[in-house]
Every structure is written in C-alpha cells, then in structure tokens.
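# Topology and contacts: notes
Here is how the chains run, residue by residue.
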Amino acid sequence: MQPALFIIFGGLAVAGALNLLFQRHPINSALSLVVVMMSLAVLYWSLGAEFLAAAQVIVYSGAIMVLFVFVIMLLNAGEEEHTHGSRAAYTVGIPGAAAIFCLLSFVFLSERDALKTANVGGDLGNGVDNISAVSSMLFTRQLLPFEVTSILILVAILGAVVLARKEQ
Amino acid sequence: MVPTAYYLVLAAVLFSIGIAAFLIKRNVITIFISIELMLNAVNLTFVAFAHMWHQVSGQIFVFFVMVVAAAEAAVGLAIIISIFRTRKTLNVDEIDLMKS
C-alpha cells in the first residue's frame, strides 16, 4: 500500500505545485497549494505521523489558507502582468531552482542505501501510539519551547492587529 | 516499501518549485504562497527523517514550524494589507520604497 500512496499523493503534490507555478491568478495558486497540503497530510500519515497529518489539515489547509483566500478576496487581486523584472527572474530563477534540485537529489540518491526504507504506520514499536509519544515529549522535555510558541502567537496577533489597523 | 530517499527527493522537488515560484512570480501574495510551499517541503523532510530514526523529535520540529508559519502568515498578510492601502498595488516591481 505504501508505494501506491506515495506515487498517487506524491504525484498529486508535484502536480499541485506545478499548477501553483504556472497559474497567473493568485486565487488559483492558493487553491493549488491546498491540494499540495492535503496530499502532504496523507504522506505524513503514511510516515506514521498521525498527529501532524491532522494538524496539517486543520492548521495549514484550514486556518492559514483561509486567511490567504480572505486577503486575496479583500484586496481584489487580479492576474499579474509580465514585466521586465519577471523576464530577468525567468532567466535566473528556472536554472537556479533546477541546479538546487539536482544538487539535493544527487545527495539524497547517492546516500540512498544509508537511508533506510519507510514502512507504513506505527514506527515507534513497543505499543506507543504517535499522539501519546508526541504529547509526552511536548509536555515534558519541550515544555518551555511549547510555552514560548504561545507567547509568539500572542505577539503575532497583536502585530497583525497593529499593522492592519486603519491609521487615523 | 518506499526508500526514505524518495521522500527526500519529493521534498526537494517541491522546494525547488517553491524557489522558482518565489523568483518568477510578481504578485506579492503569490510570493508569500510560494514561501509556504517551501516550508511544507522542509516539513516533509523532517517527518521522513523522524520516521527513519524512529524518533518523534522531528515531528516536534514540524509542530514548531507550523506555529511559526501561522504567526508569519498573520503578520505578513497584515503587512501586505497595509502596503496595498498606501501604494494601491500588489506588484513587487512597484513596491520599491527602500530601493532609492
């Protein structure tokens, strides 16, 4: 089942990302990013990260993308036009991204035997499920960083309110 | 059974597409969307390595990356709204206040 899941949802993720690249309208790009995130959630699940799969669907494709779609609707963003800057970016961007991809995949594929194979489902063994493992780690050893993230979210909310406020 | 390297190559594909979209797109919202794509690709490598080492530390990292991405999206979109309010444009070529 694992190879089928990987091929279907990995292909879907790449197709969504390419659609994001080639669409001109921001709303189409945002919706193709939702496709990428949902297929990544399935891949997380197949890698034994059930909590992250749920969090991916709820936080990313739920909350963050709704925020993006709201802002696109609010600002009434239209199709982008091609300018001089975009032609320069084409000549530099495509070869640069291809070079980074070739470098990364060369490293990963040459170390393919040292990296093991992935089996579907519970990777921890000894009867511990993923959510209890994550939560016991998060609320014992990582408690301070976890609390700091809540302060970070609070500061971000205040910053967003201050920045988006209409100036008097 | 899928080798872990294939997951990493998939993440590299998504990351490179994110870089290309970041450089090519001219709309500031779409540039922001491609940053989210790159963050997602890095999250996939974290989960793949966590699976490979049979540890949950990588998944904790992904959790923190999600929190930071949520905060970043809130602040970034507020900045985009305030830019649009003053400059009436979303094209990055015309947002060059700090250039001159």
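Residues numbered from 1 in each chain as written. Chains lettered and ligands numbered in written order. Predicted model: local features only at pLDDT ≥ 70, side-chain atom pairs only at ≥ 80, totals over all residues.

### What to know about the overall build of chain B
A count of helical and extended segments in chain B gives 3 helices and 1 strand. When the helices and strands of chain B are listed from N to C terminus, the series reads β-α-α-α. The C-alpha radius of gyration computed for chain B amounts to 17 Å, which surpasses the reference 13 Å derived for 100 residues by more than 25%, pointing to a less compact arrangement than a globule. In terms of overall dimensions, chain B has a C-alpha envelope of 50 × 25 × 20 Å along the principal axes. For chain B, with 100 residues in total, the buried portion stands at 58%. For chain B, restricting intrachain contacts to residue pairs at least 6 apart in sequence, the fraction spanning at least 24 positions comes to 48%. (Helix = DSSP H or I, 4+ residues; strand = E, 2+ residues; numbered from the N terminus. Rg over C-alpha atoms; globule rule 2.2 N^0.38 Å. Buried ≥ 20, exposed ≤ 12 C-beta atoms within 10 Å, placed from the backbone. Contact = placed C-beta atoms within 7 Å.)

### Re the interface of chain B and chain A
The interface is formed by 60 residues belonging to chain B together with 76 residues belonging to chain A. For the side of chain B that touches chain A, the element with the highest residue contribution is helix α3 (residues 57–87) of chain B, accounting for 20 residues. Grouping the amino acids of the side of chain B that touches chain A by side-chain chemistry returns 46 nonpolar, 10 polar and 4 charged. (Nonpolar A, V, L, I, M, F, W, Y, C, P; charged D, E, K, R; others polar.)

### Concerning the confidence of the model for chain B
Residues of chain B with pLDDT of at least 70 account for 99%, and the chain-wide mean is 90. If you check the scores for this complex, the pTM reads 0.90 and the ipTM reads 0.90. (pLDDT = per-residue confidence, 0-100.)

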